[in-house]
Each structure stands twice: as structure tokens, then as C-alpha cells.
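Residues per chain, in single letters:
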Amino acid sequence: MDQSSDKNLDPILRQNERLEKQRTAILNVLEDIAEEKEKFEKLEKKFEDIARSSSDFLWEIDDDGKYTYASGRVKEILGYETDEIIGKTPFDLMEEEEVKKVRKDFDKAVSAKKPILNLKNWNLAKDGRKVCLLTNGVPMLDKRGNLLGYRGADKDITMQEDIDKAKTEFVSLASHQLRTPLTAISWYTEMVLAGDAGKITPEQKKYLEEVYSGNKRMIGLVNALLNVSRLELGTFMVEPEETTLKALAELIIKELDHVIKKKKMKFVFDYDETIPKMMLDVKLITMVFQNLMSNAVKYTPEGGKVSLIVKKEGDKAKITIADSGYGIPKHQQNRIFSKLFRADNVTQRDTEGTGLGLYLVKEIVETAGGKVWFESEEDKGTSFFVELPLAGMSKRKGTKQLT
Ligand code: ADP
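Okay, so let's go over this structure. From a predicted model like this one, the values you see are computed outputs, not experimental measurements.

## Looking at the overall build of the chain
Along the backbone of the chain there are 10 helices and 12 strands. Computed over C-alpha atoms, the radius of gyration of the chain comes to 33 Å, more than 25% over the 22 Å expected from 2.2 N^0.38 for 403 residues, which places it beyond the range of a compact globule. If one aligns the C-alpha atoms of the chain with their principal axes, the spans along those axes are about 145 × 45 × 40 Å. Sorting the 403 residues of the chain into buried and exposed places 38% on the buried side. A separation of at least 24 residues holds for 61% of the contacts in the chain among residues at least 6 apart in sequence. For the chain, the accessible area works out to roughly 25,000 Å², and carbon and sulfur atoms hold 54% of it. Side-chain charges in the chain split into 66 positive and 68 negative, and the spacing between the mean points of these groups amounts to 5 Å.

This is the structure in C-alpha cells:
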């Protein structure tokens, strides 16, 4: 046997061996890929099943805000096929007024790359129906933290909204109807008390005075309910006129003067004269002062201190109403602007109230483009702050006035 041919075979065998190993490696990689693909397909199927069984419309938008994915549920909710939605933005389905309202909160979340939480928005379905959606979404970020888009779900809450509206309309109607007989009771009690129907005994007078003050409280409650329903239905008008915050504040100070004196309170009023005249709805802003000031006086014990400070801060007027009273318990502070809410520490004391005042204040201030917040410590005192744009309020046509 020739020795040299053996030597030649050796590298060929080695090469063969290498090729065999490579082949096995490639086969392994291909197997891995097939496995991954299977996993991915299973995941995709899982997601599709979830999307199909969910009553929500699931979506994904890119960094331009355009839909890149829309689950089939969109057809039932908004009447559009998935293909018709892809490439549109959520705002393409809203009326101009609604875009203005929703855009602010949407942009706020996007610019901070934060989740979109419970964002209520009214949309026009393909057939012209109005559909209310509750949107929730989370940002999609790349490894460097750049925003790629959002993924989320829209819940159809049109029915709840319609029921809510019907309830509010009922409260509005009922309180409106109640006002007339209550006002009549007030007039006639006043007349009898004044002796218009003949002399009354001291005992009768005492009872009638109770009837009169109870009825007055009821009128207050009915008016507050009517105002709340008008705010909720959006049927109230805003009629700005040129005035000063000073004039409105002084009106309320005068109104509360006798209680402040009776409770021997120290009262401070500090007004920044550089604040210009503003276009304000006198009735609405007076209600803000009235509610905050009367609360400060009501929830501060005898001999306490209340102050009202109005300052110019940039393009805003900042109103601070501070008291040295009972304060608001920490654990209830997050509920203070909710309808009908009254904190434990004041209900235990003999104070009267409806729990509707602060809700009204917040709605009015936000309608005026401002904001309201507070700081409070139990048994030390409370400060409410209101910021109003110096630019004033915009006129709004409505059918009803707040009372
Ligand atoms: P109310 O008719 O009960 O005063 P509001 O809506 O005006 O209703 O206020 C809601 C609740 O907020 C009050 O019941 C009280 O618990 C709390 N609150 C408001 N203002 C003050 C304040 N200045 N000091 C302490 N608690 C306050």
C-alpha cells in the first residue's frame, strides 16, 4: 500500500467530519427555530383567543398615534372593520370639541411616557351613533426607553353613561319640581310669623321658626342638587362680564360678617391691587368664594382665624382661603371633592352640610380653566387654593343658570 495516499485521505476525512458536525449544528439551529416559531404561533393564537373573547376593543398605536393593530371587537363597538381602523388615529373618530377635551390628558400621558388611565372619550361610530369609550393603555418602550407606541383596551361604557344621564335628569327634574312647593312653604311661614294671619302664641312662634329654618335648609339642598345636575348635564350657561375678584370677595365677606363676629373670629383680607379686571361669570365665581369661605368659617371653632388672600402670580390669580379649624383627616382627603362626601370629624360635630359644595367648586373652577387644591392637617387647619387664569372665562351658551 502506498503510504502517501493514506496521508492524502486524512485531511479529507477530517474535512468530512467537520462538515458532519456543521450539518448537525445547523439541524439543531433549525430545530430550535422551529420550536421558537411554534411557541410564537401558540402565543399569537393565545392572544387572538383572548382578544376575541374580550368584550373590549384591544389596540396598538405607533409613535405617530396611528393604529397598527385593532381587535375584531372594533366592528361591534364602532362599526368599522379592522382594516378600516389601521392607519387612523383615535382622534379621527372624535368630534372636534371632544378632541380638544381628550387631547390634553392623552398628550400629558404620552409626553411623560406614562400609562393612559381611565380616559373617557366620546366617538362617532361608522353609522353616526355616539359611543363612549373608557381607554386604558400602557407605553411600549425600546431598550433605550424611547417610546414606540401604546397598547391598550377600550371599554364601551355608552350604556352606563346613558343610565347616569337619565339619573341626573331625574334628579334635575325632581329638584326643580320640589322648589316651587318649598318656596311656597317659606313665604306662608314668613307671613304667619309676621302676624299677617292673626296673632300667634310664643309657642306657635317657636314651632313655626323650626319649620321655617328646616324648610330653608331643604331649599338649600334642593338648589345644590339642581346645580350639581346642571353641571353634570352640561346645560348651565357661562356669562362672563367685566368685574374684579375684589368685588366678588367683598360681597361674600359682607354676607359672612355676622357669623365671623358671632364666633369671635379673627379675619384677614389681603388683596393684590395689581390684579386687573377680569371677564368672570359673577354667579359662578361668587359660588366658589361662598362655598370655600363659608366652609372655613363653619369648620373653625370660636375664636379661630380665617384669611382670604388674593394674589397675582404670572398670568393667574391665586386665591388662598385658610383657616385654623378642624382640618380634614388624612385618610379621607382623597374623597373631599366627591359628591355628597362629608368627613367623619365634621359629621361628629354638630355641623350642617350637604357635601355638594366642594364638588360644585371644582366643576366651576375647571370650567373656568383653573384648578383647585388644598392642604390640611387635623386640628391645625385647612388652606384651599384656587388658581384662575387672568384671561377670564369663555362664554358658553347653555339652557339653564346655576341658582
Ligand atoms: P359641606 O356642605 O359638608 O360643607 P362641602 O362639599 O363644602 O360640603 O365639603 C365637603 C367636606 O369637606 C365637608 O363636609 C368637610 O368634611 C370637608 N371640608 C371642607 N372645607 C373644610 C374646611 N375648611 N375645614 C375642614 N373640613 C372641610
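## Quick notes on the sheet that holds strand 9 (residues 305–313)
Reading across the sheet, the five strands line up as 7-9-10-12-11 and stay open at both edges, with mixed pairing between neighbours. The outermost strands of the open sheet, each flanked by one partner alone, are strand 7 (266–271) and strand 11 (371–377). Pairs of neighbouring strands in the sheet enclose a mean axial angle of 10°, with direction left out of account. Across the sheet, helix 7 (residues 245–262) touches strand 7, strand 9, strand 10 (316–323) and strand 12 (381–389), and the angle it forms with strand 7 is around 175°.

## Quick look at the packing of helix 6 (residues 202–233) against helix 10 (residues 357–367)
Where helix 6 meets helix 10, the closest approach of the two axes is 10 Å, and the angle between their N-to-C directions is 35°. Handedness of the crossing formed by helix 6 with helix 10: left-handed. Residue-level contacts link N227, V228, L231 and E232 of helix 6 to Y359, L360 and E363 of helix 10.

## Overview of empty space enclosed by the protein
One pass over the full model with this rule turns up one cavity of 30 Å³ or more. Put simply, the largest cavity is a space of about 130 Å³. If you trace the largest cavity, you find 16 residues lining it, with Y67, P90, M94, T135 and D154 closest to the centre. For the lining of the largest cavity, the elements supplying multiple residues, two or more each, are strand 1 (57–62), helix 4 (96–111), strand 3 (116–124) and strand 4 (130–141). Residues of the lining of the largest cavity, tallied by class, amount to 12 nonpolar, three polar and one charged.

## Observations regarding the nonpolar core
It is characteristic of soluble globular proteins that their nonpolar side chains tend to be buried jointly. L245, I285, F289, L308, I319 and L388 are the most contacted members of the largest nonpolar core, which totals 53 residues. With nine residues, the single largest contributor to this core is helix 8 (residues 282–298). Residue contacts for I285: discarding those within four places in its chain leaves L245, L248, L280, I364, L388 and M393. With 23 residues, the next largest nonpolar core counts F57, L78, A109 and A125 among its residues.

## Remarks on the site of the ligand
Around the ligand, the structure places 20 residues, and the nearest of them are N295, Y299, R342, T354 and L358. Within the side chain of D323, an N or O atom sits 2.8 Å from a nitrogen atom of the ligand. One of the backbone N or O atoms of A343 is found 2.9 Å from an oxygen atom in the ligand. Coverage of the ligand by the protein amounts to 98% of the 530 Å² it exposes when considered alone. The element contributing the most residues to the shell around the ligand is helix 8, with three residues. Residues belonging to the shell around the ligand are distributed by class as follows: 10 nonpolar, seven polar and three charged.

## Considerations on the side chain of N121
Position of N121 relative to the elements: it lies in strand 3. Engagement of the side chain of N121 in a polar contact is seen with the backbone oxygen of L119, the distance being 2.9 Å. Here T135 takes part through its side chain, which lies 3.0 Å from a polar atom of the side chain of N121. Once residues lying within four places of it in the same chain are set aside, the contact partners of N121 are M94, E98, V102, V131, C132, L133 and T135.

## Regarding the pattern of salt bridges
Summed over the entire model, instances satisfying the criterion amount to 29 salt bridges. Between E95 and K130 there is a salt bridge, with its nearest N and O atoms 3.3 Å apart. Of this pair, E95 sits in the loop between helix 3 (82–85) and helix 4 while K130 sits in strand 4, placing them 35 residues apart in sequence. For E95, a relative accessible area of 39% translates into the label partly exposed. For K316, the salt bridge is made with D315, and the minimal N-O distance between the two is 3.8 Å. Residue classification places K316 among the partly exposed positions, given a relative accessible area of 32%. The network of salt bridges with common partners includes K45, D49 and R52.

## Here we look at the pairing of strand 10
Along strand 10, seven of the eight residues are buried, which leaves the element largely enclosed by surrounding structure. Direction of pairing for strand 9 relative to strand 10: antiparallel, over a ladder of eight bridges. The partner of S307 across the bridge, within strand 10, is A322. Following strand 9, the chain reverses through two residues before pairing antiparallel with strand 10; G314 in that reversal takes a positive phi of roughly 65°. With eight bridges connecting them, strand 10 and strand 12 associate as antiparallel partners. In the sheet register, D323 faces strand 12, and the bridge partner there is T382.

## Points about unusual backbone geometry
One non-glycine residue, N118, adopts positive backbone phi at about 45°. With respect to the helices and strands, the residue N118 is situated in strand 3. Phi angles above zero are rare outside glycine, and D379 is one such case at about 65°. In this fold, D379 is placed in the loop between strand 11 and strand 12. Relative accessible area serves as the criterion here: at 56%, D379 is assigned to the exposed category.

About the thresholds
Residues numbered from 1 in each chain as written. Predicted model: local features only at pLDDT ≥ 70, side-chain atom pairs only at ≥ 80, totals over all residues. Heavy atoms only, no water. Helix = DSSP H or I, 4+ residues; strand = E, 2+ residues; numbered from the N terminus. Rg over C-alpha atoms; globule rule 2.2 N^0.38 Å. Buried < 20%, exposed > 50% of the residue type's maximum accessible area, 1.4 Å probe, protein only. Contact = heavy atoms within 4.5 Å. Areas by Shrake-Rupley, 256 points an atom, 1.4 Å probe, with all protein chains shown as cover. Lys, Arg positive; Asp, Glu negative; His and termini not counted. Charge placed at Lys NZ, Arg CZ, Asp CG, Glu CD. Pairing = 2+ DSSP bridges. Axes fitted to C-alpha atoms, helices over the stretch in contact; angles between N-to-C directions. Left-handed = near helix turned anticlockwise from the far one by under 90°. 1 Å grid on protein atoms, 1.4 Å probe; cavity = no way out; pocket = protein on both sides within 12 Å on 5 of 7 lines; lining within 4 Å. Points joined across faces, edges and corners; volume = space filled by probe spheres on them. Nonpolar A, V, L, I, M, F, W, Y, C, P; charged D, E, K, R; others polar. Core = buried A, V, L, I, M, F, W, Y, C linked by side-chain atoms within 4.5 Å. Near = heavy atom within 4 Å. Polar contact = N/O pair within 3.5 Å; in protein donor to acceptor, adjacent residues only side chain to side chain. Salt bridge = Lys/Arg side-chain N within 4 Å of Asp/Glu carboxyl O.

None of the figures reported here should be taken as evidence of function without further support.
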